[in-house]
Amino acid sequence: MSGASAAVSDGPSEQALLRQQHAQDDLCAASARALSAEADLHYRQRRLYRHNQRLPDFAPHLHPVHGQDDWRSFRAASDGAALRLRHSDAALHRTLCERQTLMPLERLIVEMLEQIRVESQASALGLPGAAHNLRHRFEVWAVALGQSDLAETVQGLTLLTVALICRSRVVGEAVPEALMDLIESTRFALSEVIGHDVRGLRLTRHDQALYGEHALNIARSVAQHTVAGQVQPPATRINPVQPSRERLSLWIDFEGGEDKDAAIAAPGRSLSPDEVLRGYTVFTTAYDRTVQAAELVRAAERQALRLQLDERIAQQGVALQPLVRQLKALLSPPRWQDLENGQDEGRIDGSRLSQLVANPLQRQLFVRERQRPVPDAAVCFLIDCSGSMKAQRESIALLVDVMSRALDLAGVPCEVLGFTTGAWSGGRALRDWRRAGQPPEPGRLNERCHIIFKPAEKAWRLARRDMAALLKPELYRECLDGEALLWAEQRLLAQNASRRILLVISDGCPSDSATAQTNDPLYLEQHLLAVTERIERSGRVELTALGVGLDMSGYYRHSDMLDLSDLQGQRVFTQVLGALRPRRR
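Computed from a predicted model, the values in this text were never measured in an experiment.

Calculation rules
- Residues numbered from 1 in each chain as written.
- Predicted model: local features only at pLDDT ≥ 70, side-chain atom pairs only at ≥ 80, totals over all residues.
- Heavy atoms only, no water.
- Helix = DSSP H or I, 4+ residues; strand = E, 2+ residues; numbered from the N terminus.
- Buried < 20%, exposed > 50% of the residue type's maximum accessible area, 1.4 Å probe, protein only.
- Contact = heavy atoms within 4.5 Å.
- Areas by Shrake-Rupley, 256 points an atom, 1.4 Å probe, with all protein chains shown as cover.
- Axes fitted to C-alpha atoms, helices over the stretch in contact; angles between N-to-C directions.
- Parallel < 35°, antiparallel > 145°, perpendicular 65-115°, else oblique.
- Nonpolar A, V, L, I, M, F, W, Y, C, P; charged D, E, K, R; others polar.
- Core = buried A, V, L, I, M, F, W, Y, C linked by side-chain atoms within 4.5 Å.
- Expected span 1.5 Å × (residues − 1).
- Arc of directions from axis to C-beta.
- Salt bridge = Lys/Arg side-chain N within 4 Å of Asp/Glu carboxyl O.
- Phe/Tyr/Trp six-rings, centres within 6.5 Å; stacked < 30°, edge-to-face > 60°.
- Lys NZ or Arg CZ within 6 Å of the ring centre and 35° of its normal.
- pLDDT = per-residue confidence, 0-100.
- Polar contact = N/O pair within 3.5 Å; in protein donor to acceptor, adjacent residues only side chain to side chain.

Observations concerning the overall build of the protein chain
Phase 1 of the analysis: Across its full length, the protein chain holds 20 helices and 15 strands.
Phase 2 of the analysis: When the 585 residues of the protein chain are sorted by exposure, 51% land in the buried category.
Phase 3 of the analysis: Counted over contacts in the protein chain with a minimum sequence separation of 6, partners at least 24 positions apart contribute 78%.
Phase 4 of the analysis: By element, 49% of the accessible surface of the protein chain is carried by carbon and sulfur atoms, the whole surface being about 27100 Å².

Quick word on the packing of helix H3 (residues 71-87) against helix H5 (residues 104-119)
Phase 1 of the analysis: At a closest axis distance of 9 Å, the pairing of H3 and H5 adopts a crossing angle of 90 degrees. The orientation of H3 with respect to H5, classified from their angle, is roughly perpendicular. Residue-level inspection shows Gly80, Ala81, Leu83, Arg84 and His87 of H3 in contact with H5, the latter providing Glu111, Glu114, Gln115, Arg117, Val118 and Glu119.
Phase 2 of the analysis: A breakdown of the residues in the contact of H3 with H5 according to their chemical character gives three nonpolar, three polar and five charged.

Notes on the nonpolar core
One recurring pattern in soluble globular proteins is that nonpolar side chains are buried together.
Phase 1 of the analysis: Within the largest apolar cluster, 55 residues are counted, with the highest numbers of intra-cluster contacts made by Leu327, Leu331, Phe381, Phe453, Ile505 and Leu580.
Phase 2 of the analysis: Among the elements that line this core, the one with the most residues is helix H14 (residues 393-409), at nine residues.
Phase 3 of the analysis: Counting residues in hydrophobic clusters, the runner-up holds 38 residues, among them Ile116, Leu157, Val162 and Leu164.

Structural notes on helix H11 (residues 299-316)
Phase 1 of the analysis: With 18 residues, H11 should cover 26 Å at 1.5 Å per step; its first-to-last C-alpha distance of 26 Å lies within 8% of that length.
Phase 2 of the analysis: Of the residues making up H11, those classed as buried are Arg302, Leu305, Arg306, Leu309, Arg312, Ile313 and Gln316. On an axial view of H11, the arc spanned by its buried residues comes to 125 degrees, and they lie on one face. Away from its buried face by more than 90 degrees, H11 exposes Ala300, Leu307, Glu311, Ala314 and Gln315.
Phase 3 of the analysis: For H11, the secondary structure elements touched by its buried residues are H14 and helix H16 (460-467).
Phase 4 of the analysis: Just past H11, the residue Gly317 takes up positive phi, approximately 65 degrees.

So, the pattern of salt bridges
Any two side chains of opposite charge can pair, given that their charged atoms come close.
Phase 1 of the analysis: Inspection of every chain in the model, using the stated rule, returns 30 salt bridges.
Phase 2 of the analysis: Between Glu119 and Arg167 there is a salt bridge; the shortest N-O distance is 3.2 Å. Highlighted residues: Glu119 in helix H5 and Arg167 in helix H7 (residues 154-171), separated in sequence by 48 residues.
Phase 3 of the analysis: Judged by relative accessible area, Glu119 falls into the buried class, the value being 4%.
Phase 4 of the analysis: Where Arg306 meets Asp310, a salt bridge forms, and the shortest distance between an N and an O atom there is 2.7 Å. With Arg306 and Asp310 both in helix H11 and four residues apart, the pair spans about one turn of that helix.
Phase 5 of the analysis: When salt bridges with common partners are traced through the structure, they connect Glu119, Arg135, Glu139, Arg167 and Glu173 into a single cluster.

With respect to the environment of Leu105
Phase 1 of the analysis: Considering the arrangement of structural elements, one finds Leu105 in helix H5.
Phase 2 of the analysis: On the basis of relative accessible area, Leu105 is assigned to the buried category, the value being 6%.

Some details on the packing of aromatic side chains
Phase 1 of the analysis: Scanning the model with the defined rule gives two aromatic pairs in all.
Phase 2 of the analysis: Aromatic side chains Tyr280 and Tyr523 sit 5.3 Å apart centroid to centroid with 15 degrees between the ring planes, which places their arrangement in the stacked category. Pair noted here: Tyr280 is in the loop between helix H10 (273-279) and strand E6 (289-292) and Tyr523 is in helix H19 (residues 523-538), with a separation of 243 residues, a long-range link.
Phase 3 of the analysis: The class for Tyr280 is buried, based on a relative accessible area of 15%.
Phase 4 of the analysis: Above the face of the Tyr211 ring, Arg117 is positioned so that its terminal group lies 6.0 Å from the ring centre.
Phase 5 of the analysis: Over the ring of Phe138 we find Arg167, and its NZ or CZ is 4.8 Å from the ring centre.

Topic: the confidence of the model for the protein chain
Phase 1 of the analysis: Mean pLDDT over the protein chain stands at 82; residues scoring 70 or higher make up 81%.
Phase 2 of the analysis: Low pLDDT (under 50) marks residues 1-11, which in the prediction has two contacts with non-local residues, meaning those over four places away or in another chain.
Phase 3 of the analysis: Segment residues 258-269: pLDDT under 50, and 33 contacts once partners within four positions in sequence are set aside and those in other chains are kept.

Structural notes on the side chain of Asn519
Phase 1 of the analysis: With respect to the element layout, Asn519 can be found in the loop between helix H18 (513-518) and H19.
Phase 2 of the analysis: The class of Asn519 is buried, set by a relative accessible area of 11%.
Phase 3 of the analysis: Within the structure, the side chain of Asn519 is placed 2.9 Å from the backbone oxygen of Thr515, a separation counted as a polar contact.
Phase 4 of the analysis: Within polar-contact distance, the side chain of Asn519 engages the side chain of Thr518 at 3.1 Å.
Phase 5 of the analysis: Look past the residues within four positions of Asn519 in its chain and what remains in contact with it is Glu441, Pro442 and Gly443.

Listed below in C-alpha cells is the structure:
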C-alpha cells in the first residue's frame, strides 16, 4: 500500500469530517431553536447567528473545538446559548453592564456569571439532559484551562477560581476534585471579599436584576484584588500542557454583530454589505460579454466533446430514473388539479343524476379531485470557470449534465451558467487603464465573461451539445464571483416559481490578479461576501454553495463540499439532492 493510501485509511477524509461538522451544526441549531423558541437560529463557521446577526459568545466555556471535544460538548454549547436567549433579559443585562465602564476582566466575569445563572435553571425547567451536558462541558473546559498556560497567569487562575466556586454555589455541584488543589490558595484569598455576594447569587438566581448586582460586586472586587497583586498564580500546573490542543482563549466577543449589516473584515476598516455594494466599481464595461456557449466553441468541437462526455457518463453507469423520482418528490409538490368522474365516493356529480333514475343500483355518481405533482421550482447551476477548476471540469460537466437531464425529465426548469474572464491578468481593460494614466483604485479591472450553457427555456435534448462546452479547457481563466451571483439571481427572479434555487459550484474565492494588484487585495472577496449577504437577506432566492475540495461556509450561509471521487457510487448526486431540499422557514 502506498503512503497516500495508508494515510487515507488511517481516518476519515477531510470531506467526511466537514460533512460531519455540518451535520453537527444542523443538529445543534435545531436543538437551540427548540429550546429558545427562536426559529431563525443557525450556525455559520462554528458561530451562532440569529438571521444575519452574529450572536455574542456569552461565556468562554461555550466554545468547543472540532476534533478535540466530544459531541456532548457541542450539544451543551447550543443548549447554553439557547437558555441564555430564552431566560436572560438582554436589555436588562446590557443596562447593567453599561451602568459604569467595566474593565475586560470585570465584563468577562459578569458575562460568565449570567451564563451560570441561566444554566442553573435547566433542571427546574425539566431539562435533565441539558443540565447533564452543561455540567460535562463546563468540567471539560475547566480542566483544559487548568492544564493550559493560562493557569500560570493571574487573570487565568482568578477567572477559573471564580467560575468554579460560583457555579458550585449557584448550580449546587461540587468543584471537580482534579482542580481543588490548583485553586485552593486563590479561593482562600478571594473568600473574604466575595463570600457574601457568592452566597447572594444562590438566593437571587431567579431574579436577574438582583443577581446582576451581586455579579457586579464580585467582578469589581476580583478585579481590584487582581490588580493589587493579592492573588498569585501557582508555581506549577496540575498537568503539563496538552500540545495537541488548540490554545485556549478567555476573551470573547461580548456584543456580536449587527442585525442587518453584519461587518465584513477588511484591512484597517469594517464595512457593511450595503457600503461594499455601493462602493464596488468597474473601470470599464466595454469588453464585458454575456454569450451562449455555442459562440465560444465551434460546432464540430462541441460534437466531439459531447461524445467524450457521453462516454464518461456511460462508464459511470448513472441511474437516471431514481434521480428523477427523487427530484419530483422534492420539487413537484402534489396539488389538487384534475377531476375524476364516475367514482364510488366523493361529491355528487349532478350531470349523472339521470343515470340514478334509469338505474337505481347505479353507484358511480360521484366526482373526486385528484392530486398531481406540479413542478413549482426553478434551478440554476452557476459554475466557477476559473483556472483552478480546469482539473475538475470532466467531473463537473458529468454532474451538471446528469442533473440537468433529470430535472428536465422531472419537469423542473433548469439552466446552467458559467462565469470566467475574457482574458488573463486584466486583458484589454488593464491596457485601457494604463493608457488612462493608471488612476488609483480603478475597481474591477478585467473583461467579464458570463456564459450560458443551457437557458431555462431550452430542453436538455436541444442544449446537450452546448453543455459539453464545459470540457473546453480554454474557457477557464479568472473569476468574478460577486457579479456572477447577481447575474444568476436576476435570471432566476424572472422565472415563475415559488422556489428559486441557485447552486454555485466553486473551489474558492474570487480571483483576478489585475484587480487585486490595483485595489485592496480583498476587494473582490468583500464584494462576494456583500452579495451573498444581500441575497440571503432578501430571501427571494435559495442560495447554496457546493465546494469542490473546499469548505465554502466562509462565504455562503448554506454550503456543502462535493465528493467528486466516487461519481459511480452516486454519493455526489445525493449531496446535490440535499441542497435542493426545502429549508426551514
